[in-house]
Amino acid sequence: MSAPTKGPREEPPSSRPDSGAPDDSSGGSESLIARWANLTQLKVLTYALLCAVLLGGVVIVATEVVNQLQGLENSELGFFGRLGQLDYGAVIGKPFEAYWALLRGAVGSPSRLASSLARSTPFIAASLAVAFAFKAGLFNIGAEGQVLIGALLGGWAGTWAWLQGLPAIVALPIVLIMGALGGALYGGFPGYLKAKTGAHEVITTIMLNTIALRLVEWVVLGRDPVILLDTTSSVPHSRPIAEAARLPFLPGGSGSALHWGLILGIALCGVMWFVMQRTTTGFEIKTVGLNPSAATYAGMSVSRTWILVMAVSGAFAGLAGVGEVSGSVGFIQPGVFRNIGFDAIAIALLAKGNPWAVIPSSLLWGALLSGAPLMQLEADLSIDLVRIVQALILLFVAADLIVRRLFKVEGDDENRTVLATGWGG
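The numbering scheme is per chain: residues are counted from 1 as the chain's sequence reads. pLDDT decides what is reported in this predicted model: residues at 70 or higher carry local features, side-chain atom pairs at 80 or more are listed and counted, and totals for whole chains, interfaces and linings draw on all residues regardless. Water and hydrogen atoms were dropped before computing side-chain values, which therefore reflect all heavy atoms in the structure.

(A) Local environment of the nonpolar core. With 105 residues, the main nonpolar core has I332 and F337 as its most contacted residues. Not counting residues within four places of it along the chain, the set of residues in contact with F337 comprises E144, V147, L148, A151, G321, E324, V325 and I332. Residues grouped as a nonpolar core are buried Ala, Val, Leu, Ile, Met, Phe, Trp, Tyr and Cys residues, joined through side-chain atoms within 4.5 Å. Throughout this description, buried means an accessible area under 20% of the type-specific maximum (1.4 Å probe, protein chains only), exposed means over 50%, and partly exposed covers the range between. Whether two residues touch is decided by their heavy atoms; if any such pair falls within 4.5 Å, the residues are in contact.

Written out as structure tokens, the structure is:
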């Protein structure tokens, strides 16, 4: 037998299995890059948008066929005869005409782009309200009411007589804080009920939405007694807030209502990300959201977390409401805030509860709504078609298994986000 040959010692292969998971040992920055490099969710969102647009196109084609058939009703042709008389070129071209008009209506010029951004602004903070509650396993359906109460308290503070002579650096924070406080109180109340009585937040927040709407209508529009109604205006709304309490418009807004509320909303996304990723409170919120029993066993107060999360969630929504009062309109008009809170639920679901993903999701939502009128005008289609496309996007994002199977996108079940617990949560 020959002796073993002496030479340089070979390094053994790494004992660490190649699991494909990001290596956190190299530092937080590389881990962050690895997470961003995981484009699976982005692929799913892109394919969901594509599927929604295609199905929306099918609806447009069907609508055009029905319209042309109705135009031939007076002819003596039968059903199949009328089908043969259809202008199929117009039928096939209708989706392209509609979507082109929708795109131009959203971003076709600097003024339209600014209008889309302005339309998206309240959705950012309102969606954060829903997304923040998701982190604790709570489903805050009451963002609509919290937006209204935030707008009411902030708008009411803006009408205080002693506020008129104050500089903007003092008056504006007062109005914004009052708006956030109103939303926090209105959001914290169902959190308190859940913590102390077990009342489910879905039920309580739904009921509080209706109460908030009727309360705002009574305070703002009531004439017996007159509380906040501007009796000198032909359009019913509250008295205007002090000029110093108005959020200034952004430069380059092309005459639109684009104001600094957009920057405030983006800053709030950073605040939420920091709280969730860099603080002990954020860790406790995520732990409570994933497993309340384990959180209790670890010494965390689940009840305190629920109340805190719902109050902060309401504060986000309140800022969305007061931002619209202070930035866009300058007074309270209940109809202005219609569906902001409900759309925020869809946007938060679209963003999977990620605070940074809330920004593009809100921009997409606002752009679709902003471009819809031009689509209606040029393509002669109902503005409700945009709502159909939005619903389809949400459907495919929520039921992402459909998209994954259609486009053979590899799943990452381990990284899926738990948005909210069930009825027993």
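The structure having been displayed, the exposition proceeds.
(B) Here's a closer look at the environment of F396. Within the element layout of this structure, F396 appears in helix α15 (residues 384–398). Given a relative accessible area of 8%, F396 falls into the buried group. Taking C-alpha positions, F396 is 8.3 Å from L45, a pair spaced 351 residues apart along the chain. A helix here means a DSSP run of H or I that spans at least four residues, while a strand means a run of E at least two residues long, and both kinds are numbered starting from the N terminus.

(C) Structural context of the packing of helix α9 (residues 261–278) against helix α10 (residues 280–290). Packing of α9 against α10 leaves a shortest axis separation of 5 Å and a crossing angle of 80°. As far as their axial angle goes, α10 and α9 are roughly perpendicular. Two secondary-structure elements touch here, α9 through V275, M276, Q277 and R278 and α10 through T280, G282, F283, I285 and K286. By residue class, the composition of the contact of α9 with α10 is four nonpolar, three polar and two charged. Every axis corresponds to a line fitted to the C-alpha atoms, with the helix fit spanning only the stretch in contact, and the corresponding angles, defined between N-to-C directions, vary from 0 to 180 degrees. Geometric relationships in this document are graded by angle, where less than 35 degrees denotes roughly parallel, more than 145 denotes roughly antiparallel, 65 to 115 denotes roughly perpendicular, and other angles denote oblique. Ten residues, namely Ala, Val, Leu, Ile, Met, Phe, Trp, Tyr, Cys and Pro, are considered nonpolar, four, namely Asp, Glu, Lys and Arg, are considered charged, and the remaining ones, Gly among them, are considered polar.

(D) Layout of the environment of R404. With respect to the helices, strands and loops of the structure, R404 is situated in helix α16 (residues 400–407). The buried category is assigned to R404, whose relative accessible area is 4%. As for R404 and A48, which are separated by 356 residues in sequence, their C-alpha atoms are 9.5 Å apart.

(E) View of a nonpolar patch on the surface. Patch building starts from residues that exceed 30% relative accessible area and form no salt bridge, then joins like charges within 9 Å and nonpolar side chains (Val, Leu, Ile, Met, Phe, Trp, Tyr) within 5 Å. Computed with a 1.4 Å probe, the accessible areas rest on the Shrake-Rupley method; for each residue, only the protein chains presented here act as cover. Salt bridges are defined as contacts in which a side-chain nitrogen from Lys or Arg sits within 4 Å of a carboxyl oxygen from Asp or Glu. Side chains of W100, L103, V107 and L113 sit close together on the surface and give an oily, nonpolar patch of about 390 Å² of accessible area. By the secondary structure assignment, L113 is in helix α5 (residues 110–135).

(F) How the structure looks around the side chain of D230. Here D230 is to be found in the loop between α8 (201–221) and α9. Under this rule, positive means Lys or Arg and negative means Asp or Glu; His and the chain ends count for nothing. For the buried residue D230, which engages in no salt bridge, the nearest side chain bearing the opposite charge is R239, 7.1 Å off. There is a polar contact of 2.6 Å between the side chain of D230 and the side chain of T232. Ignoring anything within four residues of it in the chain, the contact list for D230 reads H237, S238, R239 and P240. Definition of a polar contact: a pair of N or O atoms within 3.5 Å, with one able to donate and the other able to accept a hydrogen when the atoms are protein atoms, and with sequence-neighbouring residues admitted only if both atoms are side-chain atoms.

(G) Local environment of the packing of aromatic side chains. Here the aromatic set is Phe, Tyr and Trp, taking the six-membered ring for Trp, and pairing holds for ring centres within 6.5 Å; pairs whose planes are under 30 degrees apart are stacked, those over 60 apart are edge-to-face, and all others are tilted. Tallied over the full model, the rule gives five aromatic pairs. Ring geometry for F134 and F139: centres 5.4 Å apart, planes at 65°, overall edge-to-face. Between W156 and W160, the ring centres sit 5.1 Å apart and the planes meet at 90°, which makes this aromatic pair edge-to-face. For W160, a relative accessible area of 18% gives the class buried. Three or more aromatic residues link up through ring pairs in this structure, and these residues are W156, W160 and W162. For a ring to carry a charge above it, either NZ of a lysine or CZ of an arginine must fall within 6 Å of the ring centroid while also lying within 35 degrees of the normal to the ring plane. Across the ring face of W306, the terminal group of K194 is positioned such that the distance to the ring centre comes to 4.7 Å.

(H) Structural detail: α9. Between its first and last C-alpha atoms α9 spans 25 Å; for 18 residues at 1.5 Å apiece the expected length is 26 Å, and the two agree. Structurally, α9 contributes buried residues whose contacts are with α5, α10, α12 (302–329) and α14 (355–379). Take the residue count of a helix, subtract one, and multiply by 1.5 Å to get its expected span.

(I) Examining the layout of surface pockets more closely. Space inside and on the surface of the protein is sampled on a 1 Å grid over the protein atoms alone, with a cavity defined as a set of points where a 1.4 Å probe fits but cannot get out and a pocket as an open set with protein on both sides within 12 Å along at least 5 of 7 lines; lining residues have an atom within 4 Å of a point. Grid points are joined across faces, edges and corners, and a volume is the space filled by probe spheres set on the points. Taken as a whole, the second largest pocket encloses approximately 400 Å³ of empty space. Looking at the second largest pocket, it is lined by 20 residues, and the ones nearest its centre are R119, F123, V336, I340 and L369. At the level of elements, α5, α12, α13 (340–350), α14 and α15 are the ones that each hand at least two residues to the lining of the second largest pocket. For the lining of the second largest pocket, the element with the most residues is α5, which contributes five residues. By residue class, the composition of the lining of the second largest pocket is 10 nonpolar, four polar and six charged.

(J) Spotlight on the environment of W160. Position of W160 among the secondary structure elements: in the loop between α6 (143–158) and α7 (168–197). Taking the C-alpha atoms as reference points, W160 and A242, separated by 82 residues in sequence, lie 8.0 Å from one another. The contacts of W160, once residues within four sequence positions are left out, are I174 and M178.

(K) Highlighting the pattern of salt bridges. The tally for this structure, following the rule as stated, stands at seven salt bridges. Across the pair E201 and K194 runs a salt bridge whose closest N-O atoms are separated by 3.1 Å. A single burial state applies to E201 and to K194, both of which are buried. As a salt-bridge pair, D343 and R387 come within 2.9 Å of each other at their nearest N and O atoms. Taken together, the residues D343 in helix α13 and R387 in helix α15 connect sequence positions 44 residues apart.

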